[in-house]
Amino acid sequence: MKLTLNENNHIVGVDQDDSAYDYTGYVPDDLMGHTKDGFYMVMYNTIMPTPAISDGTTTTTPSPIMQAVNMLGLKIAELDKKIGDGKNV
């Protein structure tokens, strides 16, 4: 699937002549209905809803997938601390 993105990576078209972004991941069911309003964007090679902005700050929370990725990253960092760099053996 080819996507047309604006300067903020919001999806503004799908499979159009000027679509230049190749995407092969998960596609939300209602993507086609939101191509004109920029409701979805591409971030980290994933289609996700655009965060709502209020007074210059985002008002959404990370998706469950992003929360899980963050937790895994924290666990890996904790294990790295315990293991060390292996030079002090």
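Located above this text is the structure these notes cover.
Keep in mind that this is a model prediction, so the values were computed, not measured. (Residues numbered from 1 in each chain as written. Predicted model: local features only at pLDDT ≥ 70, side-chain atom pairs only at ≥ 80, totals over all residues. Heavy atoms only, no water.)

J.: Would you mind going over the overall build of the chain with me for this structure?
T.: Assigned secondary structure in the chain consists of 1 helix and 7 strands. When the helices and strands of the chain are placed in sequence order, the string is β-β-β-β-β-β-β-α. The buried share of the chain, taken over its 89 residues, is 19%. About 7000 Å² of surface is accessible on the chain, with carbon and sulfur atoms providing 57% of the total. (Helix = DSSP H or I, 4+ residues; strand = E, 2+ residues; numbered from the N terminus. Buried < 20%, exposed > 50% of the residue type's maximum accessible area, 1.4 Å probe, protein only. Areas by Shrake-Rupley, 256 points an atom, 1.4 Å probe, with all protein chains shown as cover.)

J.: Even after reading the chapter, I still don't get the pairing of strand 2 (residues 11-14), so can you show me in this structure?
T.: Every other side chain in a regular strand lies on the same face of the sheet, so the side chains alternate between the two faces. As defined by bridge partners, strand 1 (residues 2-5) adjoins strand 2 across 3 bridges and the pair is classed as antiparallel. Paired with Leu3 across the two strands is Val14, which belongs to strand 2. From the end of strand 1 to the start of strand 2, which pair antiparallel, there are 5 residues, and Asn9 there has a positive phi angle of about 65°. (Pairing = 2+ DSSP bridges.)

J.: Which parts of the structure should I look at to understand the pattern of salt bridges?
T.: Close approach of charged atoms allows side chains of opposite charge to pair. Overall, the coordinates contain 2 salt bridges when judged by the stated rule. Across the pair Asp22 and Lys2 runs a salt bridge, and its minimum N-O distance is 2.9 Å. In this pair, Asp22 sits in strand 3 (residues 21-22) while Lys2 sits in strand 1, placing the two residues 20 residues apart along the sequence. Take Asp22: its relative accessible area is 53%, and that puts it in the exposed class. According to the relative accessible area criterion, Lys2 is partly exposed, its value standing at 35%. (Salt bridge = Lys/Arg side-chain N within 4 Å of Asp/Glu carboxyl O.)

Everything listed here is a matter of coordinates, which is why it stays silent on function.
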